[in-house]
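Summary of the model geometry
Listed here are the chains, written in short residue letters.
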Amino acid sequence: MRYTILGLALAVGLAGCQSVLKSEPAAGTLATGEKVLVDDGSCPTGLVKEVTGSVPGVPRQRECVPAPS
């Protein structure tokens, strides 16, 4: 029981973690609506680029958001 609770707490804690990529994924590799964080230097200090995948033929959405801590 104790290990189950510990495992659950660890899983919930890690679920909020999102890695930050150094460059945008290649075209066609993000699912529609999938979001990734990219730190390629295009946003001001303390911010990273959030890229949202879209359907083919529609440009991806990009915006600067606060960097995860």
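Shown above is the structure to which this text applies.
Residues numbered from 1 in each chain as written. Predicted model: local features only at pLDDT ≥ 70, side-chain atom pairs only at ≥ 80, totals over all residues. Heavy atoms only, no water.

Considering the overall build of the protein chain
Note the threshold: Helix and strand assignments follow DSSP, with helices taken as H or I runs no shorter than four residues and strands as E runs no shorter than two, numbered in order from the N terminus. Note on exposure labels: buried denotes an accessible area under 20% of the residue type's maximum, exposed denotes more than 50%, and partly exposed covers the range between, all computed with a 1.4 Å probe on protein chains only. Per-residue and other accessible areas follow the Shrake-Rupley method at a 1.4 Å probe size, with only the shown protein chains counted as cover for residues.
Scanning the protein chain for helices and strands turns up 1 helix and 4 strands. Seen in sequence order, the protein chain has helices and strands lined up from the N terminus as α-β-β-β-β. Sorting the 69 residues of the protein chain into buried and exposed places 20% on the buried side. A total of about 5200 Å² of accessible surface is found on the protein chain, and carbon and sulfur atoms cover 62% of it.

Observations concerning the pairing of strand β3 (residues 47-52)
We count it as follows: We call two strands paired when DSSP finds no fewer than two bridges between them.
Burial runs high along β3: 5 of the 6 residues are buried. Taken together, the 4 bridges between strand β2 (residues 35-38) and β3 define a ladder with antiparallel strand orientation. When the sheet's bridge partners are listed, Val 36 is paired in β3 with Val 51. Inspection of the sheet shows β3 paired to strand β4 (residues 61-66) by 6 bridges, in the antiparallel sense. Considered in β4, the bridge of Thr 52 is made with Gln 61.

Thoughts on the environment of Val 48
Which entries qualify depends on this criterion: In what follows, a contact means two residues having at least one pair of non-hydrogen atoms within 4.5 Å.
Counting through the fold element by element, Val 48 comes out in strand β3. By relative accessible area, Val 48 is classed as buried at 4%. Sequence separation between Val 48 and Val 36 is 12 residues, and the spatial gap between their C-alpha atoms is 10.0 Å. Discounting chain neighbours no more than four positions away, the residues touching Val 48 are Val 20, Leu 37, Val 38, Asp 39, Cys 43, Glu 63, Cys 64, Val 65, Pro 66, Ala 67 and Pro 68.

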